[in-house]
Amino acid sequence: MAIYHSRVKTFSRARGDSSVAAAAYRAGLLLVDHLTGRRHDYRHRGGVVETICLAPDGSPDWAFVPSELWPAVEVAENRKNSTVAREFELALPHELDESQRSELTAAIAEALVGRYGFALQASIHSPGTRDGLNHHAHILATTRRMTPEGLGEKTRELDGGSSGRGEIEWVRAIVAELTNAHLAMAAIDARVDHRRLEVQAEDAMLRGDLVEAIALTRPPTQHVGKNASALERRGMNTDRAAANEQIAEHSEAQFEATIKQARREGRAVATPSGHSAEQASSERRPATASYRVGTGLQIEGVSGVRASALGLGARPSLDGEPPVASVEELVDEAVLELRDVLALSPVLRLPKTERVVNHWVSGLSSLVDGPEIRGHLRAVIDRLQQLRRALTAFAKRVAAVTRAERLFHMAEQAWEQFNADCPRPAGDWSAHDWEARRGRRLATLDKRATELKQVRAGATEEVRARCEAEVLRRTDALEHRCSELLVDWSMEDGLLPSGEGASQPVAEGVAPGRRPRLGR
């Protein structure tokens, strides 16, 4: 199953480190440190699946080229003990395929760039082991923010102390969050958890899961490392593996003792016949019930009486149908969808929609649950969701072009650098090896060129015009539906007083027990 591993380390001149050497090794490149004149040549190493460079918008072009970025990093540091680079090392789930791991790495890298404003080089490495499970990525980042003029101020918030610990915890959390999101998008059940074992155990106790809480109170094992793992695969014993085995045996004995004590106290009973794990697995429903809370939070894995006791929504129906959202939850959803749409396009005007949603918010206590009100709410929510997707459609195409251009630039640089450094077979390379290496770079360049051409074709002015026309069409459809509702209400006795909601601001959210009106 997928495991969580994330580590942050620094490279310092005080230890003799070089950001140029680190970048060359992780990406399998030939890079030259202009300060020392040393050539760091790792073109012959294997295991590098892909390398991408990212930097904030407006950064100079050289920020996306390793052979220019890292020498500039070394020049920018003038102290003999300067920290020249920071690395984020993380495990990639082996359940994902190569393209999915690439997308996950890019998403994590983009989140880091967005928060800290530095430039980075992300290199994905293949396992290099027989089990094929150790996919991982090395994200090498500058210690200075990247500005349009070049390298700027230091990212001091990552240097240490309470601020540094908080930032590292954020990094661990965002890695886990994005990993789980990409596993879910790939329809993979595995999940990772970045929290400490004691925190996970406390959470299990709050859920009432005694067995999981006991299992999570085990002492943590030590990280074995690649060298010790290699020795273990050859049948050789190592101190760390022996220590982990002792920890596992102690945890198992502690677990059994706790279960026996629970049985003596009557808190645990033997499993009756007909309730085996195999039978439970065969009878398990394909999907676990989920509940949407009024604030928009999605809670997964809560079912039956426990959900209703916690007040997390209606109980699921006996026939396995998903639970039905309450009218209050639908109103909250309409509020949040409208807020998101207005945030995406501040110039967009939706007076009729705002008036309708404000009417629902202000009259929530008087709304009578039934097919009619549910139909109206769902119709408005669906049209708001369609409008939101239309507003972001072209922006996603432009973002795809930006990423494709960077990937093409990297492939082009690799191709040109190979031709400059290796114009013909030399050294230990045979003609076949040289042709294979040259062919791989050319194939990658052709692939990136094709991808760039395709995404550019999807982001032309003609496509922009079509997307803008789709936004107008979705806006008209939404306003027309709300106009029909306003007409219907005006024909009824006092359901919508004249001018209600016409000039009311839109609220930023919906707080429990308090229903402010919507606002921009």
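Definitions and cut-offs
- Residues numbered from 1 in each chain as written.
- Predicted model: local features only at pLDDT ≥ 70, side-chain atom pairs only at ≥ 80, totals over all residues.
- Heavy atoms only, no water.
- Helix = DSSP H or I, 4+ residues; strand = E, 2+ residues; numbered from the N terminus.
- Buried < 20%, exposed > 50% of the residue type's maximum accessible area, 1.4 Å probe, protein only.
- Contact = heavy atoms within 4.5 Å.
- Areas by Shrake-Rupley, 256 points an atom, 1.4 Å probe, with all protein chains shown as cover.
- Phe/Tyr/Trp six-rings, centres within 6.5 Å; stacked < 30°, edge-to-face > 60°.
- Lys NZ or Arg CZ within 6 Å of the ring centre and 35° of its normal.
- pLDDT = per-residue confidence, 0-100.
- Salt bridge = Lys/Arg side-chain N within 4 Å of Asp/Glu carboxyl O.
- Core = buried A, V, L, I, M, F, W, Y, C linked by side-chain atoms within 4.5 Å.
- Pairing = 2+ DSSP bridges.
- Axes fitted to C-alpha atoms, helices over the stretch in contact; angles between N-to-C directions.
- Parallel < 35°, antiparallel > 145°, perpendicular 65-115°, else oblique.
- Left-handed = near helix turned anticlockwise from the far one by under 90°.
- Expected span 1.5 Å × (residues − 1).

### A few points about the overall build of the protein
Phase 1: In terms of regular secondary structure, the protein is built from 15 helices and 10 strands.
Phase 2: Classification of the 520 residues of the protein by burial places 39% in the buried group.
Phase 3: Summarising the internal contacts of the protein: among those between residues at least 6 apart in sequence, 65% fall at separations of at least 24.
Phase 4: When the accessible area of the protein is evaluated, it comes to approximately 29400 Å², of which 52% is carbon and sulfur surface.

### Topic: the packing of aromatic side chains
Given two aromatic rings, one states the distance between the centres and the angle between the planes to describe the pair.
Phase 1: Within the structure shown, the criterion is met by five aromatic pairs.
Phase 2: Ring geometry for F88 versus F118: centroids 6.1 Å apart, planes at 50°, classification tilted. One end of the pair, F88, is in strand β5 (residues 83-91); the other, F118, is in strand β6 (residues 118-125), and 30 residues separate them in sequence.
Phase 3: A ring pair is formed by Y116 and F118, whose centres lie 5.6 Å apart and whose planes are at 35°; its orientation type is tilted.
Phase 4: Under the relative-accessibility criterion, Y116 is labelled buried at 2%.
Phase 5: Taken together through their ring pairs, the aromatic side chains of F88, Y116, F118 and W170 make up a single cluster.
Phase 6: Taking the ring centre of Y25 as reference, the NZ or CZ of R45 above it sits at 4.2 Å.
Phase 7: Its end group placed over the ring of W170, R115 keeps NZ or CZ at 4.1 Å from the ring centre.

### Let's talk about the confidence of the model for the protein
Phase 1: Mean pLDDT for the protein: 75, with 67% of residues reaching 70 or above.
Phase 2: The model gives residues 267-322 a pLDDT under 50, and that stretch makes 56 contacts with residues more than four places away or in other chains.
Phase 3: Within the model, pLDDT remains below 50 along residues 493-520, and this stretch shows 61 contacts once partners closer than five positions in the same chain are excluded.

### Some thoughts on the pattern of salt bridges
Phase 1: Following the criterion strictly, the structure yields 26 salt bridges and no others.
Phase 2: Taking the shortest distance from any N to any O, the salt bridge between R144 and E77 comes out at 2.9 Å. Of this pair, R144 sits in strand β7 (residues 136-147) while E77 is found in the loop between α2 (66-76) and β5, placing the two residues 67 residues apart along the sequence.

### Examining the nonpolar core
Phase 1: Counting residues in hydrophobic clusters, the biggest one holds 30 residues, and the most contacted among them are F88, L90, I108, L112, F118, L120 and I139.
Phase 2: Broken down by secondary-structure element, the contributors of at least two residues to this core are β4 (48-54), β5, α3 (98-116), β6, β7 and α4 (161-185).
Phase 3: If you tally residues by element for this core, the top one is α3, at eight residues.
Phase 4: Grouped together as the second largest cluster of nonpolar side chains are 28 residues, V341, L350, L384 and L486 included.

### Here we look at the environment of W434
Phase 1: Along the polypeptide, W434 turns up in helix α14 (residues 431-457).
Phase 2: Under the relative-accessibility criterion, W434 is labelled buried at 11%.
Phase 3: Taking the C-alpha atoms as reference points, W434 and R424, separated by 10 residues in sequence, lie 7.4 Å from one another.

### Quick notes on the pairing of strand β8 (residues 150-154)
Phase 1: As judged from the three bridges shared by β7 and β8, these two strands associate in the antiparallel manner. Pairing of T147 across the sheet is with G150, part of β8.
Phase 2: Hairpin connection from β7 to β8: two residues lie between these consecutive antiparallel strands.

### Some points on the packing of helix α11 (residues 327-344) against helix α12 (residues 351-362)
Phase 1: It is the contact of α11 with α12, at a shortest axis distance of 10 Å, that shows an interaxial angle of 150°. For the element pair α11 / α12, the angle class is roughly antiparallel. Viewed along their axes, α11 and α12 form a crossing whose handedness is left-handed. Contacts between α11 and α12 involve V331, V335, L338 and L342 from the former and T353, E354, V357, W360 and V361 from the latter.

### Considerations on unusual backbone geometry
Phase 1: Despite not being glycine, A187 has its phi angle at roughly 60°, a positive value.
Phase 2: Counting through the fold element by element, A187 comes out in the loop between α4 and α5 (197-207).

### With respect to helix α15 (residues 461-490)
Phase 1: Here α15 spans 43 Å end to end across 30 residues, near enough to the 44 Å set by a 1.5 Å rise per residue.
Phase 2: Considered for burial, the residues of α15 that qualify are V463, C467, V471, T475, L478, E479, R481, C482, L485, L486 and W489.

### Considering α12
Phase 1: With 12 residues, α12 extends 16 Å between its outermost C-alpha atoms, agreeing within 8% with the 16 Å of an ideal straight helix rising 1.5 Å per residue.
Phase 2: If you check which residues of α12 are buried, you get T353, E354, V356, V357, N358, H359, W360 and V361.
Phase 3: The inward-facing, buried residues of α12 abut α11, α13 (371-421) and α15.

### Overview of the side chain of H40
Phase 1: Among the structural elements, H40 can be located in strand β3 (residues 39-41).
Phase 2: Here H40 falls in the buried class, since its relative accessible area comes to 6%.
Phase 3: Contacts of H40, omitting those with residues within four sequence positions, involve S18, V20, A21, A24, L29, L30, L31 and D33.

### Some thoughts on the environment of R424
Phase 1: Here R424 lies in the loop between α13 and α14.
Phase 2: With relative accessibility at 57%, the residue R424 sits in the exposed group.
Phase 3: C-alpha of R424 to C-alpha of R438: the two residues are 14 residues apart in sequence and 9.9 Å apart in space.

### Points about the environment of R115
Phase 1: Within the secondary structure, R115 sits in helix α3.
Phase 2: Residue classification places R115 among the partly exposed residues on the basis of a relative accessible area of 38%.
Phase 3: Distance from R115 to V171, taken between C-alpha atoms, is 9.8 Å for residues 56 residues apart in sequence.
Phase 4: Ignoring sequence-local partners within four residues, the contact set of R115 consists of E167 and W170.

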